[in-house]
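So the chains spell out like this:
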Amino acid sequence: MTRPAVGNPVPPFTMTADDGQVISSESLRGRRYVLYFYPKDDTPGCTTQACSLRDNYDRVLATGVEIFGVSPDSVASHVRFRQKYDLPHRLLADPGHPTADAFGLWVEKSFAGRTYKGVERTSFIIGPDGRVEHVLPRVKPIEHVDQLIALLAAQVPA
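Keep in mind that what you see is a predicted model, and the values were worked out from it rather than measured.

1. Comments concerning the pairing of strand E6 (residues 106-111)
Part 1 of the reasoning: For E6, the tally of buried residues reaches only zero of six residues, placing the bulk of the element at the surface.
Part 2 of the reasoning: Pairing analysis gives six bridges linking E6 to strand E7 (residues 114-119), with the strands arranged antiparallel. Counterpart to Ser110 in the pairing with E7 is Thr115.
Part 3 of the reasoning: Between E6 and E7, which pair antiparallel and follow one another directly, the connecting turn spans two residues, one of which, Ala112, has a positive phi of 50°.

As structure tokens, this is what we get:
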């Protein structure tokens with residue numbers, strides 16, 4: 001699948017959050033939110049990304065959006081990850097990666113001389129109409145929160 005472009009509707013999705021709530025593209029309609037896709041819970045880059053969001057969550061909340069982390073990990077893994085790092089935002093389980101695939105983010109990657117399939121770290125800002133407002137492709141974990149907040153803050157009505 002291909003990544004949804006700015007202005008296009010997000011692919012339909014349904015995932016379970018770490019709090020057990022089922023979250024879908026339809027249930028979020030009418031709200032502005034962020035989906036940030038990451039490869040795996042409790043790895044150095046993913047932990048840096050999640051904790052920098054935690055440490056700047058007041059800045060995220062000031063933009064009026066809800067933020068969701070999405071990875072192929074299980075709900076149980078998300079519960080442990082969220083509790084271990086006291087994360088304020090919810091994590092959505094995408095086991096089998098159908099949502100990452102629908103968003104065009106299940107891609108071939110290489111590391112340490114081996115090639116494999118995995119999730120490309122990318123964030124989507126989704127508008128209340130269910131359309132993509134902005135895409136942050138291949139984000140670096142340490143830079144993610146500042147880039148995201150700058151984009152969100154620029155779009156907050158005065």
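From this point on, the discussion continues.
2. Comments concerning the packing of aromatic side chains
Part 1 of the reasoning: In this structure the tally under the stated criterion is eight aromatic pairs.
Part 2 of the reasoning: Centroid distance Tyr33 to Phe68: 6.4 Å. Interplanar angle 75°. Geometry classified as edge-to-face. Of the two residues, Tyr33 sits in strand E3 (residues 33-37) while Phe68 sits in strand E4 (residues 66-71), which places them 35 residues apart along the sequence. You'll find Tyr33 and Phe68 in the same group, each marked buried.
Part 3 of the reasoning: An aromatic cluster is present here, built from Phe13, Phe37, Phe103 and Phe124 joined pairwise through their rings.
Part 4 of the reasoning: Against the face of Tyr116 rests Arg114, its NZ or CZ located 4.7 Å from the ring centre.

Parameters at a glance
- Residues numbered from 1 in each chain as written.
- Predicted model: local features only at pLDDT ≥ 70, side-chain atom pairs only at ≥ 80, totals over all residues.
- Heavy atoms only, no water.
- Buried < 20%, exposed > 50% of the residue type's maximum accessible area, 1.4 Å probe, protein only.
- Helix = DSSP H or I, 4+ residues; strand = E, 2+ residues; numbered from the N terminus.
- Pairing = 2+ DSSP bridges.
- Phe/Tyr/Trp six-rings, centres within 6.5 Å; stacked < 30°, edge-to-face > 60°.
- Lys NZ or Arg CZ within 6 Å of the ring centre and 35° of its normal.

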